[in-house]
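Chain by chain, the residues run as shown.
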Amino acid sequence: MSVQQEMALQSDMRRVVETLHREETNVTPYRSEYRQLLDNHGKMIRATLVVLFARAAGEDSGKLDEQVITGAAAIEMLHLATLVHDDVLDSAPIRRNQPTVHTTAGNKAAIYLGDLILSRYMEIMAEIAPSTDFLREQASTVCEIVGGELLQESARHHAETTLDYYRKAIGGKTAALFRLACLTGVRLSAQGSQGPNASQPDPTLVDTARAFGNHLGMAFQIMDDIADFDLAHDTGKPKLEDVADGIYTLPVLLALRDDPDFAQLLSRDDPQAVEDYLQAHPDLLARSRDEAMQHLDDAEACLGDLAGTVRPKAIAQLSDVLRRIRKQL
Ligand code: FPP
Ligand code: MG
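Residues numbered from 1 in each chain as written. Chains lettered and ligands numbered in written order. Predicted model: local features only at pLDDT ≥ 70, side-chain atom pairs only at ≥ 80, totals over all residues. Heavy atoms only, no water.

For the protein, the name recorded in an unreviewed UniProt entry is Polyprenyl synthetase family protein, with Bifidobacterium tibiigranuli as its organism. On record in UniProt, under Sequence similarities (unreviewed entry), the comment for the protein is "Belongs to the FPP/GGPP synthase family." (UniProt positions renumbered as here; feature names shortened; annotations may be inferred.)

Structure (structure tokens):
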């Protein structure tokens, strides 16, 4: 990726952060908690996907349309709202190495702040929506995210959970938002385009955005789940939390399938014993990594399908996003 492209993306993302900061006035009385979230905002991968798919759809260089920046900020707000609530549900003390909202301000503040951010996300999307279908897609994806969380909840402490059930849960709670981010970029960019096909995004690009986002999201969550067992890798979050909370992720589910005695070990509610088991059976983590890698390969193949059809610079930047994520595996 050229320095020029890198700088253009950085400038887009600075505009997204400024937009997010302007939202501070809409989350009173939890402005300081909101500011803390933004001060520690991480890589903003979902907002980056909105921006890059918007560029792939039409604005490869030059200043990106304001509604794309606003849409990217709104998608990041949806993500923030889910995280603030998720940390309450998971009783997580830290995220990105900082205390979580419910830890510093209490559960009530965390629930209200999540609600306020979620409401503003909806309001913003309603303001910039190019069509009712756009809003329908936003709303149904939020339902899907909640549905994925509920699937996970219903499988808590269940040693009979199948791999398909797990994949369905992470497809909802995580991949759906990645998919929505990519689609939002394409749809908002089409709105800004001129000519007879304005508001009509290229169907191939829509399909690719959907598949790419889905694969990247699946890979992302599997990697997050593996990292929970990787004590040497600082994720800014507590370790061995999933198994302590009765959430059985891919390496654990593979162990349950392979070894009839593993259920007995799991029922001891001893996260360190599970960690020791996984270290003694490295193929379980390796097979989980392979599944994440396969999704990253599939996402890369989606970009390959687009070669020559849309803006090459944006495709190169999306490829770069994949390359960086792959390096963490
Ligand atoms: C993180 O999973 C959580 C999610 C990806 C989704 C959370 C969704 C909800 C709580 C329900 C919907 C909420 C709203 C506001 C619509 P994780 O716990 O595996 O990841 P982590 O390790 O980063 O906590
Ligand atoms: Mg969590």
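Remarks on empty space enclosed by the protein
Under the criterion given, the structure shown has two cavities of 30 Å³ or more. Approximately 140 Å³ is the volume found for the largest cavity. What lines the largest cavity is a set of 17 residues, among which Q152, Y166, A169, I247 and Y248 lie closest to the centre. If you tally residues by element for the lining of the largest cavity, the top one is helix α8 (residues 163-192), at five residues. Partitioning the lining of the largest cavity into residue classes produces eight nonpolar, five polar and four charged. Computed from the structure, the second largest cavity encloses a volume of approximately 40 Å³. Lining the second largest cavity are V243, Y248, L266, D269, D270, P271 and V274. The class makeup of the residues in the lining of the second largest cavity is five nonpolar, no polar and two charged. (1 Å grid on protein atoms, 1.4 Å probe; cavity = no way out; pocket = protein on both sides within 12 Å on 5 of 7 lines; lining within 4 Å. Points joined across faces, edges and corners; volume = space filled by probe spheres on them. Helix = DSSP H or I, 4+ residues; strand = E, 2+ residues; numbered from the N terminus. Nonpolar A, V, L, I, M, F, W, Y, C, P; charged D, E, K, R; others polar.)

Here's the deal with the coordination of the magnesium ion (ligand 2)
Surrounding the magnesium ion (ligand 2) are the protein donor atoms D86 (OD) and D90 (OD), which sit 2.1 Å from the metal. By the burial criterion, D86 is buried, and D90 matches it. (Donors = N, O, S within 2.8 Å, 3.2 Å for Na, K, Ca; no water. Buried < 20%, exposed > 50% of the residue type's maximum accessible area, 1.4 Å probe, protein only.)

Some words on the environment of V16
The residue V16 is located in helix α1 (residues 3-22) in this model. Each C-alpha atom of the pair V16 and T162 lies 39 Å from the other, and the pair is 146 residues apart in sequence. Dropping the residues within four chain positions of it, V16 is found in contact with M44, A47, V51, I69, A72 and A73. (Contact = heavy atoms within 4.5 Å.)

Quick word on the state of the cysteines
Throughout the structure, instances matching the rule amount to zero disulfides. Counting only cysteine sulfurs, C182 is the nearest neighbor of C143, a cysteine outside any disulfide, at a range of 20 Å. For the unlinked cysteine C182, the closest cysteine sulfur is that of C302, found at 9.6 Å. On the accessibility criterion, C182 (0% relative accessible area) is buried. (Disulfide = S-S within 2.5 Å.)

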